[in-house]
Amino acid sequence: MNLIGLVVGDAVLLRNQEANKPPYVARLEKMWADGRNNAKVEVRWYYRPEESMGGRRQFHGVKEVFLSDHTDIQSADTIEGKCIVHSFKSYTILENVEAEDYFCRFEYHASTGAFTPDRVAV
């Protein structure tokens, strides 16, 4: 996928090296071309509940992700497409949940395993 139509702040799906695993979800923080004209992106990762220190819990939604403080630089070639990460409130009123729809209620601190906020109504 090329970067045309993508802007900083968009949520994207990045190819997982393990073929049987779903793509990674990330938010674009920066986009640029390096000296050899290779498109690069800085992403802020969304974690799925099973990727967090606490693991998946009963109250986690199937399409729930946590915005983390973990960032990386990736080749733009790893982007499979755009997705949408909704607030929980806007996700609950969607008429049709599509494959590229996710929701986020928490920020996740990858190094400590802490969440902000530390609790929500379920």
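For the structure, see preceding data.
Keep in mind that what you see is a predicted model, and the values were worked out from it rather than measured.

## Focus on the nonpolar core
By size, the foremost hydrophobic cluster in this structure holds 15 residues, and its most contacted members are Leu 28, Val 41 and Ile 79. Every element with two or more residues in this core is listed here: strand S1 (11-14), strand S2 (24-33) and strand S3 (39-47). Per-element tally for this core: the top contributor is S3, with four residues. Val 25, Val 65, Leu 67 and Tyr 102 belong to the second largest nonpolar core, which has eight residues in total.

## A closer look at the packing of aromatic side chains
A complete count under the given rule lists nine aromatic pairs for this structure. Measuring from centroid to centroid gives 4.7 Å for Tyr 91 and Phe 103, while their planes differ by 40 degrees, and the two rings are tilted. A residue pair is termed long-range when its members are at least 10 positions apart, and Tyr 91 in helix H1 (residues 88-92) and Phe 103 in strand S6 (residues 101-104) qualify at 12 residues. Members of the aromatic cluster, joined through ring pairs, are Tyr 47, Phe 66, Phe 106, Tyr 108 and Phe 115. A cation sits over an aromatic face here: Lys 63 above Tyr 102, 4.8 Å from the ring centre. A cation over a ring is seen here: Arg 105 above Phe 88, with NZ or CZ 4.9 Å from the ring centre.

## Considering the sheet that holds strand S4 (residues 66-75)
Spatially, S6-S5-S1-S2-S3-S4-S7-S8 is the arrangement adopted by the eight strands of the open sheet, whose pairing is mixed. Only two strands of the sheet have a single neighbouring strand rather than two, namely S6 and strand S8 (114-116). The average angle at which neighbouring strand axes cross in this sheet is 45 degrees, direction not considered. Inspection of the sheet shows S3 paired to S4 by seven bridges, in the antiparallel sense. Across the sheet, the residue bridging to Tyr 46 is Leu 67, located in S4.

## Side note on the layout of surface pockets
Of the voids in this model, the largest pocket is the one considered here, and its volume is about 200 Å³. Around the largest pocket, the lining residues are Arg 15, Gln 17, Tyr 24, Val 25, Trp 45, Tyr 46, Tyr 47, Glu 51, Gln 74 and Thr 78. Those elements that provide at least two residues to the lining of the largest pocket are S2 and S3. Sort the elements by how many residues they give to the lining of the largest pocket and S3 lands first, with three residues.

## Here we look at the pattern of salt bridges
Enumeration according to the criterion identifies six salt bridges in this entry. With a shortest N-O distance of 3.5 Å, Asp 10 and Lys 82 are connected by a salt bridge. Of this pair, Asp 10 sits in the segment before S1 while Lys 82 is found in strand S5 (residues 79-87), placing the two residues 72 residues apart along the sequence. Here Asp 10 falls in the buried class, since its relative accessible area comes to 13%.

## What about the side chain of Arg 48?
Within the secondary structure, Arg 48 sits in the loop between S3 and S4. Buried charge without a salt bridge: Arg 48, with Glu 51 as the nearest opposite-charge side chain at an N-O distance of 4.2 Å. Once you skip the residues sitting within four places of it in the chain, Arg 48 turns out to touch Pro 22, Pro 23, Tyr 24, Val 25, Glu 64, Val 65, Phe 66 and Tyr 102.

Conventions and cut-offs
Residues numbered from 1 in each chain as written. Predicted model: local features only at pLDDT ≥ 70, side-chain atom pairs only at ≥ 80, totals over all residues. Heavy atoms only, no water. Core = buried A, V, L, I, M, F, W, Y, C linked by side-chain atoms within 4.5 Å. Buried < 20%, exposed > 50% of the residue type's maximum accessible area, 1.4 Å probe, protein only. Helix = DSSP H or I, 4+ residues; strand = E, 2+ residues; numbered from the N terminus. Phe/Tyr/Trp six-rings, centres within 6.5 Å; stacked < 30°, edge-to-face > 60°. Lys NZ or Arg CZ within 6 Å of the ring centre and 35° of its normal. Pairing = 2+ DSSP bridges. Axes fitted to C-alpha atoms, helices over the stretch in contact; angles between N-to-C directions. 1 Å grid on protein atoms, 1.4 Å probe; cavity = no way out; pocket = protein on both sides within 12 Å on 5 of 7 lines; lining within 4 Å. Points joined across faces, edges and corners; volume = space filled by probe spheres on them. Salt bridge = Lys/Arg side-chain N within 4 Å of Asp/Glu carboxyl O. Lys, Arg positive; Asp, Glu negative; His and termini not counted. Contact = heavy atoms within 4.5 Å.

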